[in-house]
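Residues per chain are reported as follows:
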Amino acid sequence: MYTPKSMTMLGDDAAITFIKSYPFATLISEELEATHIPLVARFDNNQTVLYGHFAKANLHWQSVENKKVLAIFHGPHAYISPTWYKTKPAVPTWNYAAVHCTGKASLLTLEQTIECLDDLLSTFEPSLHTDKQIVSDEYKYRLAQAVVGFKVVVDDIQAKEKLGQHKSIEDQIGVFSSLRKSENIDAKTLAQYMQKRKVGIGEN
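Worth saying up front: this structure is predicted, and the values here are computed from it rather than measured.

Visitor: What is the right way to read the environment of K56 from this model?
Guide: Tracing the chain through its elements places K56 in the loop between β4 (47-55) and β5 (68-80). By relative accessible area, K56 is classed as partly exposed at 40%. Sequence-wise, K56 and Q192 are 136 residues apart; in three dimensions their C-alpha atoms are separated by 38 Å. The contact partners of K56, leaving out residues within four places of it in the chain, are W61, Q145, A146, V147 and V148. Of note is the side chain of K56, whose polar atom sits 2.8 Å from the backbone oxygen of Q145.

Below you can see the structure in the form of structure tokens.
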């Protein structure tokens, strides 16, 4: 991913925090086949590992064993109007945040897949562990047989925040202010992200 130095996501744990905040990813294999899927990041022996599962009917799982894959995590993004800049002339652009993780994938056993499903529940809705009417042990076991669990041992992470950091302070503030006032939900979400990260809003 092309990442100018000024747009590198700063902070030791920033990329992992981003993945946990925006876990829905696009998983791309060497054959350029893609699956849209939630992934959970965990640390095993000081190594970042991504866990997820395919539907067994999705034959993508047959081409990832011991192969290099790319997981793209998408964060907030929005159109940026040149009218928001104080500096002229200017052109439209699109600001965004994203994290790319590459690594080797391997398939999980049935028992490991069940653990993976439990981990997904713990991450997104832990109360379902005790609601046996919705997720009974029998149902979970049957579900685990209909999916294929996998993990990706990450060997490289590229993290980018394109938030107008290369612009003047006045232009950055103009973009942030306009995004925040917009009625577009994507624009508002990007403004909230910029404020949280203190990037691109003249507070660096």
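Visitor: Help me understand the pattern of salt bridges in this model?
Guide: Side chains that differ in charge, positive against negative, can pair when their charged atoms come close. Scanning the model with the defined rule gives five salt bridges in all. The closest approach of N and O atoms between D119 and R42, which form a salt bridge, is 2.9 Å. One end of the pair, D119, is in helix α2 (residues 110-124); the other, R42, is in strand β3 (residues 40-44), and 77 residues separate them in sequence. K132 is the salt-bridge partner of D137, the closest N and O atoms lying 3.0 Å from each other. A relative accessible area of 47% places D137 in the partly exposed class.

Visitor: Can you walk me through the environment of T113 in this structure?
Guide: With respect to the helices, strands and loops of the structure, T113 is situated in helix α2. When the C-alpha positions of T113 and S182 are compared, they lie 43 Å apart, and in sequence the two are 69 residues distant. In this structure, T113 is in contact with L108, A144, V147 and G149, ignoring residues within four places of it in sequence. For T113, the side chain forms a polar contact with the main-chain nitrogen of G149, separated by 3.3 Å.

Cut-offs applied
- Residues numbered from 1 in each chain as written.
- Predicted model: local features only at pLDDT ≥ 70, side-chain atom pairs only at ≥ 80, totals over all residues.
- Heavy atoms only, no water.
- Helix = DSSP H or I, 4+ residues; strand = E, 2+ residues; numbered from the N terminus.
- Buried < 20%, exposed > 50% of the residue type's maximum accessible area, 1.4 Å probe, protein only.
- Contact = heavy atoms within 4.5 Å.
- Polar contact = N/O pair within 3.5 Å; in protein donor to acceptor, adjacent residues only side chain to side chain.
- Salt bridge = Lys/Arg side-chain N within 4 Å of Asp/Glu carboxyl O.

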